[in-house]
Amino acid sequence: MGQIIYKAKEKNDCCTRNCCGALRSFDMKITDATDREVIRLIRPFRCVSCWFPCCLQEMEVQAPPGTTVGYIVQDWHPYLPRFSIQGANKETLMKLQGPCCACNCCGDINFEIKGKDGDQLIGRISKQWSGLLKEVFTDTDNFGIQFPLDMDVKMKAVLMGACFLIDFMFFEKTGEANQRNTVFQ
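Computed from a predicted structure; not experimentally measured. (Residues numbered from 1 in each chain as written. Predicted model: local features only at pLDDT ≥ 70, side-chain atom pairs only at ≥ 80, totals over all residues. Heavy atoms only, no water.)

**Here we look at the pairing of strand β2 (residues 26-31)**
Reasoning step 1: Pairing geometry for strand β1 (residues 7-11) and β2, over 5 bridges, is antiparallel. Opposite Lys-11, over in β2, you have Asp-27 as the bridge partner.
Reasoning step 2: Strand direction decides the pairing type here: β2 and strand β3 (residues 37-43), joined by 6 bridges, are antiparallel. Pairing of Ile-30 across the sheet is with Ile-39, part of β3.
Reasoning step 3: Here β2 folds back onto β3 in antiparallel fashion, the turn holding 5 residues, of which Asp-35 has a positive phi close to 70°. (Pairing = 2+ DSSP bridges. Helix = DSSP H or I, 4+ residues; strand = E, 2+ residues; numbered from the N terminus.)

**Some points on the pattern of salt bridges**
Reasoning step 1: Going through the model one piece at a time under the given rule, you end up with 6 salt bridges.
Reasoning step 2: Between Asp-32 and Arg-36 there is a salt bridge, with the nearest N and O atoms lying 3.2 Å from each other.
Reasoning step 3: In this structure Asp-32 comes out as buried when scored by relative accessible area, which is 15%.
Reasoning step 4: Of the charged contacts in the structure, one is a salt bridge between Glu-37 and Arg-40, with a shortest N-O distance of 2.9 Å. (Salt bridge = Lys/Arg side-chain N within 4 Å of Asp/Glu carboxyl O. Buried < 20%, exposed > 50% of the residue type's maximum accessible area, 1.4 Å probe, protein only.)

**As for the confidence of the model for the protein**
Reasoning step 1: Here the protein shows a mean pLDDT of 84. Residues at 70 or above account for 84%.
Reasoning step 2: Confidence drops under a pLDDT of 50 for residues 178-185, and excluding neighbours within four residues, the segment shows 38 contacts in the predicted structure. (pLDDT = per-residue confidence, 0-100. Contact = heavy atoms within 4.5 Å.)

**Quick notes on the side chain of Ser-84**
Reasoning step 1: By the secondary structure assignment, Ser-84 is in strand β6 (residues 82-87).
Reasoning step 2: A residue is classified by how much of its surface remains accessible, and Ser-84, at 3% relative accessible area, is buried.
Reasoning step 3: Side-chain polar atoms of Ser-84 contact the side chain of Asp-75, separated by 2.8 Å.
Reasoning step 4: One polar contact links Ser-84 to Lys-95, side chain to side chain, over a distance of 3.1 Å.
Reasoning step 5: Each residue touching Ser-84, except ones within four places of it in the same chain, is listed here: Tyr-71, Ile-72, Val-73, Asp-75, Thr-92, Met-94 and Lys-95. (Polar contact = N/O pair within 3.5 Å; in protein donor to acceptor, adjacent residues only side chain to side chain.)

Here you go:
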């Protein structure tokens, strides 16, 4: 097992968690090993369905808290999960695209990070397969983020935020409904 570098803690109330499920708004504090807050993720309440393109997902990333370094904004598409990774001034710097169906037995599910034109592959965010028993009987997920070593540290923080947004949108189990797999739900 590796060294713990960061811890994430969601600030929310019981009613919002139970009534809104994976759609809920939240403030998430990410702290370092000395328990100092280094990143804050702010997600407003939004729809998840592709049938409501006027109210798509968005998340603000602050690092340090109080200083916005970027945004993750869902781009409308009828069947593919697509996002724009934006800088502090809301200029698109990268694109993020997932598979049509975020479901894969016995394998990783990859969301590709591409340049702002959508052509050049820069990296990926992967929901990593962790074994049949763990996948079926727990709500625990493992994610990996791959990016160039020389990427700006602010954009690395924004990609970490994108990882949390992807988890909430497509892999958060809510009650008996299990997990969401597409942009249609």
